[in-house]
Amino acid sequence: MALDEQIYELRREKLKQIEALGQATYPSKYEFTHTIPQILAEFLPKTAEELEASRVNVRVAGRIMAIRLMGKAGFAHLQQDGQRLQIYVKKDAVGDQGFDLYKLLDLGDHIGVNGYLFRTRTGELSVHVEAITFLAKDLLPLPEKWHGLTDVELRYRQRYVDLVMNPAVREVFVKRTRLVQSLRRYLDGQGFLEVETPMMHAIAGGAVARPFVTHHNTLDMDLFLRIAPELYLKRLTVGGFDRVYEINRNFRNEGLGWRWNPEFTMLEAYQAYTDYLGIMNTTQGAIEQAVLDVTGGMKTKWGDEELDWSHDNWRRMTMREAILHFWPDAAGAKPEITDFAAHEPVKALVARVRGAGVHLKYDAAEPVGKTVANLFEAVAEEHLLQPTIIYEFPTAISPLSKQKPDEPDWTERWEIYAGKMEIANGFSELNDPEDQRSRFEGQLKERERGDDEAHQMDEDYIRALSYGMPPAGGVGVGVDRLAMLLTDSHTIRDVILFPLLRAEKPGPPEPTNP
RNA sequence: GGGCGCGUAGCUCAAUUGGCAGAGCAACUGACUCUUAAUCAGUAGGUUGUAGGUUCGAUUCCUACCGCGCUCACCA
C-alpha cells in the first residue's frame, strides 16, 4: 500500500474516533462571529493589556496549517482567506473530550473554535480556545510545509492544493477578479451594456483562427466554439445597443505557449458614433483605471523591468513608423515610408531583415500587407515593453476594419502592446455591407490559396449590416494577458485557474470507500 | 512537430568514477501545559517513470517509449 493510501486509511480511522467523541464528521454548517482576516485587521493593533481588559470572544473557522502538541496543551495555526491565526488549546480549558479531539486532528483539517483573544508570551495574537468543533477531515497529506508545492504540473493539475499551500498564487487570482471587476465598473460607468452572445457558432467568425468543432444531435448540425463574439456584438449595434460589451471565453484550436491557452478570456466592447480613436481612448482609460484598481499605483513590476502605465508614458506610433523606429542596424539603412506599398520593395526589406539574422517567414504569393505585418512583428514587437499603441494596420489582414479614406491599403485599426505582448486590438468597424462582402471574398481567396484560417463568408452578418449599422469603434482586450502584466506572471497558465492539460493517465486505483 | 533538460519516499531534494538508495518535512509510537521550521527518543515508508540493452554489478551508461518543463516553429 502506498504511503498516501496508508495515511488515507489511518485518517478514516481517526474520523471514526472523532465521531465516537460525539462530533459530527461532516457537519453542514458553522456559525462564526469573525473571519481570520477580520480578527487580524481589528485586533492585531491591540496590546495584550487591551485584550485582557475587555475580553473579546470569537468563533472562527479555518484549515489547520501547522499543529504542535506538547503533552497537555498545544498550538495550531488556522488558515482562512490566505491568512493565518494561531490558536492555543489547553486541556484545562477544553476538557478531556475536547483535548482528545485535538489529538485526533491532522494538518489540513477544517475546524471551528470559540474562545477569547489574547497574546502569547512571545506576543503573537492567538485564540485561547474553550471549545473545538470538528468541520471536515483532510484525508490526503498536504505538501511539505517549508517548500510547499512547486511541481509545475501538480500545481496546475491540483490547483486546489496549490491554492492552499501558496498564498501568492491565491493573490494572483484575487487580483484577476479585481481586474475584471474594474473593467466592468469602468464600462458600466460609461453607459455600456453587458450582454451574452452565443458560444456555439454555425460559422466561426470575427477573428482569424482555427476553431474547435462540436455537434448538436437533435439538430444534427456541426457547430464551432466561438473564436470571437465580434460579429454578434456588432449585430447588436445594428439592433440599437449603441454601447455593448461582453467578457467571456473564446476558444482557438491552436498551440499552447506562454501567451496562449486554447480557451482564454476576451473583453469585447463596441461604441457607436465613434471611430478607432474614440474606442482607443475608452480602452486606454479602462486599462489605466484597472492598473490603479488592481495594484494601487500606475507602475507594475514585470520581471526585471518596470512598466509605467501612467497616461503620459503611453506611446503611439503607426505600424510603418514602428518598423522604421525599430529597424535593426544590421539590416542597413532604414526603409522609406513609401517602401511598404508594393511587393518588390517589401520583398527587398524582407531580404535585408533576414540578412540581419532575424527570423521572418515570407510567401511571395501572400498579400503585401500581410508581409508588412510580419515585418512589423519581426523587428518591432520585441521592443514594445512599455504600453504602446500601434495604429494603421494593413487592409489585407483586417477584414472587419474600415479603411483609411486617403490610403485604402491601410485601415483605422490599432493594437496595444505591453510587456512585448499584444493585449488589445481595436478599429473603426466596417459597416458598409458591400465593402464587407468584398473583404470576405478576398478572405475566401486567401483560403483557396491555402490559408485555412482566413475568414469565412457570413451571409447573415452581411444582411445585418445591410439593415444599417451605425458608425462604431470596437475593441477586444485579452484579459488573461492583462492579468499577467498586472501580477508579474510570465505564463498565461499562472493566471488561469485550471489551464488546459493533457488528460491524466489512469494511475493505480485510488483508495476506495466501500 | 524540432532542439535542450528533467523524472529517486506523500512533498522538497541528495546519492563521489558504474559499487550497500539517503536526508528534511509529512506519517506512526512515546515524553512534554506559551509553542511557532517546537524539541527529545524511537518506528515505518522505495518496482529509482516504463520496457529493453551493456556490465560481475545500473539511480548512474546506451536505445525506445511515456510524462513534464523550457525553447523554437505554428498561433494576424
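Presented here is an overview of the structure given in this document. In this text the structure is predicted, and so the values were computed from the model without any measurement.

Thoughts on the sheet that holds strand β3 (residues 83-90)
- Pairing is mixed in the closed barrel, where five strands are placed in the order β1-β2-β3-β5-β4. Taking each pair of neighbouring strands and ignoring which way they run, the sheet shows an average axis angle of 55°.
- Note that strand β4 (residues 110-119) and strand β5 (residues 125-136) share ten bridges and pair antiparallel. Its bridge partner being in β5, Ile111 is matched across the sheet by Phe134.
- On top of the sheet, helix α4 (residues 91-103) reaches β1 (57-70), β2 (73-80), β3 and β5; it is set at about 40° to β5, its chief contact.

Describing the nonpolar core
- Among the nonpolar cores identified, the biggest contains 41 residues, and Leu179, Trp309, Trp414 and Ile423 are the most heavily contacted of them.
- Counting residues per element, the ones that place at least two in this core are α7 (167-189), β10 (243-251), β11 (263-272), α9 (276-295), β17 (407-418), β18 (421-428), β19 (472-478) and α15 (479-487).
- With eight residues, the single largest contributor to this core is α9.
- In this structure, Ile423 is in contact with Ile287, Trp309, Ile416, Ala418, Gly476, Val477, Gly478, Arg481, Leu482 and Leu485, ignoring residues within four places of it in sequence.
- Core analysis: the second largest hydrophobic core is formed by 31 residues, Val56, Leu85, Val89 and Tyr102 among them.

A short note on the pairing of strand β13 (residues 305-308)
- In the sheet, strand β12 (residues 299-302) pairs with β13 via four bridges, with the strands oriented antiparallel. Bridging across to β13, Lys301 finds its partner in Glu306.
- Connecting the antiparallel pair β12 and β13 is a turn made up of two residues, with Gly303 showing a positive phi of about 60°.

Regarding a nonpolar patch on the surface
- Taken together, the side chains of Tyr160, Leu497 and Phe498 present a nonpolar region at the surface, about 330 Å² in accessible area.
- In this structure, Leu497 sits in the segment after α15.
- Residue Leu497 is classed as partly exposed on the basis of its relative accessible area of 36%.

Examining the protein's contact with RNA strand B
- RNA strand B sits among 50 residues. The nearest are Thr122, Lys145, Trp146, Val208 and Glu254.
- A share of 58% is what sugar and phosphate atoms reach among the atoms of RNA strand B within 4 Å of the protein.
- The separation between a base oxygen of RNA strand B and a polar side-chain atom of Arg68 is 2.7 Å.
- Measuring from a base nitrogen of RNA strand B, one finds a side-chain N or O atom of Trp146 at 2.5 Å.
- Those elements that provide at least two residues to the surface near RNA strand B are α1 (3-20), β1, β2, β3, α5 (152-157) and α12 (368-379).
- If one sorts the elements of the surface near RNA strand B by residue count, α1 sits on top with five residues.
- Residues that form the surface near RNA strand B fall into these classes: 17 nonpolar, eleven polar and 22 charged.

Examining the packing of aromatic side chains
- Evaluated as defined, the whole model comprises six aromatic pairs.
- Taking the centre distance of 5.7 Å and the plane angle of 70° together, the rings of Phe376 and Tyr417 count as edge-to-face. In this pair, Phe376 is assigned in helix α12 and Tyr417 in strand β17, connecting sequence segments 41 residues apart. Pair check on accessibility: Phe376 and Tyr417 agree, each one buried.
- Between Phe440 and Tyr461, the ring centres sit 6.4 Å apart and the planes meet at 55°, which makes this aromatic pair tilted. Of the two residues, Phe440 sits in helix α13 (residues 433-449) while Tyr461 sits in helix α14 (residues 459-466), which places them 21 residues apart along the sequence. The pair formed by Phe440 and Tyr461 is uniform in burial state, with each residue classed as buried.
- Each member of the aromatic cluster is reached from another via a ring pair, and the members are Phe75, Tyr88 and Phe118.

Thresholds applied
Throughout, residues of each chain are indexed from 1 in the direction in which the sequence is written. Starting at A for chains and at 1 for ligands, labels are handed out in the order in which the entities are written. The predicted nature of this model means local features are confined to residues of pLDDT at least 70 and side-chain atom pairs, given and counted, to a pLDDT of 80 or more, with totals for whole chains, interfaces and linings taken over all residues. Note that water and hydrogens are dropped before the side-chain values are worked out from all heavy atoms of the structure. One requirement defines pairing of two strands: DSSP has to find at least two bridges between them. Here a helix means four or more residues in a row that DSSP labels H or I, a strand means two or more in a row labelled E, and each is numbered from the N terminus. Fitting a line to C-alpha atoms yields each axis, with helices limited to the stretch in contact; the angle taken between N-to-C directions then spans 0 to 180 degrees. Here, two residues are considered to be in contact whenever any of their heavy atoms come within 4.5 Å of each other. Nonpolar cores were defined as sets of buried Ala, Val, Leu, Ile, Met, Phe, Trp, Tyr and Cys residues, with membership established by side-chain atoms within 4.5 Å. Here's how the labels work: a residue is buried when its accessible area is under 20% of the maximum for its type, exposed when over 50%, partly exposed in between, all with a 1.4 Å probe on protein chains only. A patch is a set of surface residues, each over 30% in relative accessible area and not in a salt bridge, joined within 9 Å for like charges and within 5 Å for the nonpolar side chains Val, Leu, Ile, Met, Phe, Trp and Tyr. Per-residue and other accessible areas were derived by the Shrake-Rupley procedure at a 1.4 Å probe size, with only the shown protein chains allowed to occlude residues. Salt bridge, as used here: a side-chain nitrogen of Lys or Arg that lies within 4 Å of a carboxyl oxygen of Asp or Glu. Throughout this document, a residue counts as near a molecule or strand when at least one of its heavy atoms sits within 4 Å of that molecule or strand. Pairs of N or O atoms within 3.5 Å make up the polar contacts considered here, provided that, within protein, one atom can donate a hydrogen while the other can accept it, and that residues adjacent in sequence are counted only when both atoms are side-chain atoms. In this classification, Asp, Glu, Lys and Arg are treated as charged, Ala, Val, Leu, Ile, Met, Phe, Trp, Tyr, Cys and Pro as nonpolar, and every other residue, Gly included, as polar. When the centres of two rings from Phe, Tyr and Trp lie within 6.5 Å, Trp using its six-membered ring, the rings pair. Their planes under 30 degrees apart give stacked, over 60 give edge-to-face, and anything left gives tilted.

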